[in-house]
Protein chains: 2
Amino acid sequence: MPELRYDPIRWRWTIISPERGIRPKDFIKEKKEPPPKNNCPFCEGNEDKTPPEVFSIREDKSEKNKPGWKVRVVPNKFPALRIEGELIRKGVGIFDSVSGIGAHEVIIETPNHFLQLQDMEINDIKKVLISYKARYIDLTKDVRFRYILIFKNYGAEAGASLYHSHSQLIATPIIPLAVVAELEAAREHYSEKERCIFCDLLQQEISFSERIIFKNDKFVVWAPFASSFPFETWIFPLKHSHDFSECDDEELYELSFVLKDTLERIKILLNDPPYNFVIHTAPIPRPRPGRPGYWETLPYDYHWHIEIIPRITYIAGFEWGSGLYINPILPEEAAKYLREIK
Amino acid sequence: MPELRYDPIRWRWTIISPERGIRPKDFIKEKKEPPPKNNCPFCEGNEDKTPPEVFSIREDKSEKNKPGWKVRVVPNKFPALRIEGELIRKGVGIFDSVSGIGAHEVIIETPNHFLQLQDMEINDIKKVLISYKARYIDLTKDVRFRYILIFKNYGAEAGASLYHSHSQLIATPIIPLAVVAELEAAREHYSEKERCIFCDLLQQEISFSERIIFKNDKFVVWAPFASSFPFETWIFPLKHSHDFSECDDEELYELSFVLKDTLERIKILLNDPPYNFVIHTAPIPRPRPGRPGYWETLPYDYHWHIEIIPRITYIAGFEWGSGLYINPILPEEAAKYLREIK
């Protein structure tokens, strides 16, 4: 029997309509061979094929924009937003317009063309997370930005235009809707109960246990109750923290471990599918004109986390127009498969 | 210079990031040959390959579930929601669950395997719209339903699993987010100004004129200011009406004309691309337990319309996780191309 599930934190209904006898292998698509290196701009030795780097983790004494790096962050050659210019907000009739100021950077996760994030060693994944954190902290200093989105598109079907393992970061002068929804739900819950809605959710999922994929004393990984996509997976830190960039060294190591573990489960179960992940963290605290203090306090109700979506089903049209999703597998089933894979 | 645009009716930010010199032809993909008829379940003569019809427009004296029809509506063989069962609403921790009661029907638009909606004659398109209306009105009688979504997926990339021209209808016991957002914006605007927000928007777009694609004395077609997708197109009736199914015979004829005209423009400009359209109409007026009168009055602030999305760009990952869209073409440019095509 299908079921409609509502996530009041994401403001989202999903129709969970399990197809009889559906198994993970029914979602598996044919894999293509990785493309050759050719002139891959992300490969070691091709540093001059990208804009100059803004951050890197390097071997001692290796020179900027030369070989010898482990992780390298460069501005996107085709940025969606531009760093130069004045931030102008204006109304256009009933609409709002903000000049397209922002940063759009690429985190090249490894010098090795054929190595993918989930196959890297934990300490090398940690270097990627350290780079996220460093760029995040640096970009918060630009007062024009309200939000910094860190995300990864893995595989062409997930929107990756280059094969070489990389993630991206977009700093925006606005807060994306997905975060606004979560923030408002968190604020309402907090003002009513003086508790974090995500901490409550964590406890709820741990006590229900049927959707848990992995848990240790730092992180919990589960399939959300109202998963919009098959095998959608969330990684939450047990410790309440609104800000990803406040992770200390040990937490980043633990996160590297759990991220690798989760991505490996997805890889094994679904034959190395394309996927996206997005780090959901609080907006950058900023005072607003006429609303002093508002954004300084609000984000602390938030709880950062990572949302992973394997891109294994075709998104039919009406999701876009309706905001209603159809998921052909029960999240409890999906969690069971992912839990048992190791 | 890129620009961020906010649509307060849809609660959606879009990054309009025009690529220099981008032209409609840059979005054109290779077309595949239409598949042969084989055992197409939607073809005339194959009526026994679908569940029995719930509605049809037929030649005189032709028999139900036999050849002789012009439009045929059948339950979806693989429905996302099921018609049988009791509607149960329950809480699961902080989440909500509703049993998956609903209707999922397929509107087969023509008996001809090789004819597509945009290529049909206006009077035959009108028969499709008459079928939408008839099914809509019939399904509103089922008090378990709150919303009826009518939509079309054209082309495999838009989610159509069969080539033969068809659209779909899903009746749900909940109201999809896209409609909730629009309804709340409309209600707020109305309670403040006693005017329909969509009527205001219509007048605004007509006076700005730069985003208008087509206009006659019944309908206006334009590219929305904060288009999330390239060549996104909206069709609005000039007459304020919250309910698509209140269209009379003449209005359905006019709508057939304008829908054909709009889809033809898209077809010519973008080489017959896949597309989706969704009819946005008010929820079915229903009293709510404990809130008498609430839903009886609210929907009248609404203004029904059709949203069309050509599926010509790849949806990269972070849109899903963030609710932030990136559109590589200015809506004013898109409108100009579509306006000048005829």
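Below: a short report on this structure. All figures in this text were calculated on a predicted structure; none of them were measured in a lab.

Residues and elements named next belong to chain B. Look at helix H3 (residues 197-208): 16 Å from first C-alpha to last across twelve residues, which is about the 16 Å you get at 1.5 Å a residue. Taken together, the buried residues of H3 touch helix H2 (177-193), strand S10 (212-215), strand S11 (219-222) and strand S12 (233-237). With its phi angle positive at about 65 degrees, Ser209 sits one or two positions after the end of H3.

Much of the literature gives interface size as the accessible area that the parts lose upon coming together. Listed per partner, the contact involves 56 residues of chain B and 56 residues of chain A. Looking at the side of chain B that touches chain A residue by residue, the classes come out as 34 nonpolar, 14 polar and eight charged. Of the strand pairs in this sheet, strand S6 (residues 95-99) of chain A and strand S1 (residues 3-7) of chain B are connected by four bridges, and their pairing is antiparallel. Across the sheet, residue Ser99 of chain A finds its bridge partner in S1 of chain B, namely Glu3 of chain B.

Let's shift gears to the sheet that holds strand S2 (residues 12-16) of chain A. Strand order in the open sheet made by the five strands is S15(A)-S2(A)-S1(A)-S6(B)-S5(B), with mixed pairing throughout. Edge strands, defined here as strands with exactly one partner in the open sheet, are strand S15 (324-327) of chain A together with strand S5 (89-92) of chain B. The average angle at which neighbouring strand axes cross in this sheet is 25 degrees, direction not considered. As defined by bridge partners, strand S1 (residues 3-7) of chain A adjoins S2 of chain A across five bridges and the pair is classed as antiparallel.

Here we come to the relation of the copies chain B and chain A. Superposing chain B onto chain A requires a rotation of 180 degrees together with a translation of 0.0 Å along the rotation axis, leaving an RMSD of 0.0 Å. Within this description, the copies of the chain are treated as partners about a two-fold rotation axis. Proximity to the rotation axis, assessed at the C-alpha, singles out Ile315 of chain B in chain B; its C-alpha lies 4.8 Å from the axis. Most of the interface of chain B is mirrored in chain A, where 100% of its interface residues are also at the interface.

This brings us to the environment of Glu44 of chain A. All names here are of chain A. Tracing the chain through its elements places Glu44 in the loop between S2 and strand S3 (55-58). Taking the number of C-beta atoms within 10 Å as the measure of exposure, Glu44 has 17 and is therefore partly exposed. Note: C-alpha distance between Glu44 and His113 (69 residues apart in sequence) is 8.4 Å. Leave out the neighbours within four places in its chain, and Glu44 touches Pro67 and Pro111.

Here the focus is unusual backbone geometry. A positive phi angle, close to 65 degrees, is found at Ser209 of chain A, a residue other than glycine. Note that Ser209 of chain A resides in the loop between helix H3 (197-208) and strand S10 (212-215). Given 11 C-beta atoms within 10 Å, Ser209 of chain A falls into the exposed group. In the Ramachandran plot, Trp11 of chain B falls in the positive-phi region, its phi being about 55 degrees despite a non-glycine side chain. Here Trp11 of chain B is to be found in the loop between S1 and strand S2 (12-16). The class for Trp11 of chain B is buried, based on 20 C-beta atoms found within 10 Å.

Attention now goes to helix H2 (residues 177-193) of chain A. All names here are of chain A. Between its first and last C-alpha atoms H2 spans 24 Å; for 17 residues at 1.5 Å apiece the expected length is 24 Å, and the two agree. What H2 keeps buried is the set Leu177, Ala178, Val179, Glu182, Leu183, Ala185, Ala186 and His189. The positive-phi residue at the C-terminal boundary of H2 is Glu194, with phi of around 55 degrees.

Here we take up the pairing of S2 of chain A. All names here are of chain A. Most of S2 sits out of view: five of its five residues are buried. A two-sided burial pattern is seen for S2, the buried positions comprising Arg12, Thr14 and Ile16 on one face and Trp13 and Ile15 on the other. The turn joining S1 and S2, which pair antiparallel and follow one another in sequence, is formed by four residues; a positive phi near 55 degrees is taken by Trp11. In this structure, S2 lies alongside S15, joined through four bridges in parallel fashion. For Ile15, the partnering residue across the bridge sits in S15 and is Ile326.

About the criteria used
- Residues numbered from 1 in each chain as written.
- Chains lettered and ligands numbered in written order.
- Predicted model: local features only at pLDDT ≥ 70, side-chain atom pairs only at ≥ 80, totals over all residues.
- Helix = DSSP H or I, 4+ residues; strand = E, 2+ residues; numbered from the N terminus.
- Expected span 1.5 Å × (residues − 1).
- Contact = placed C-beta atoms within 7 Å.
- Nonpolar A, V, L, I, M, F, W, Y, C, P; charged D, E, K, R; others polar.
- Pairing = 2+ DSSP bridges.
- Axes fitted to C-alpha atoms, helices over the stretch in contact; angles between N-to-C directions.
- Least-squares fit on C-alpha atoms with pLDDT ≥ 70 in both.
- Buried ≥ 20, exposed ≤ 12 C-beta atoms within 10 Å, placed from the backbone.

None of the figures reported here should be taken as evidence of function without further support.
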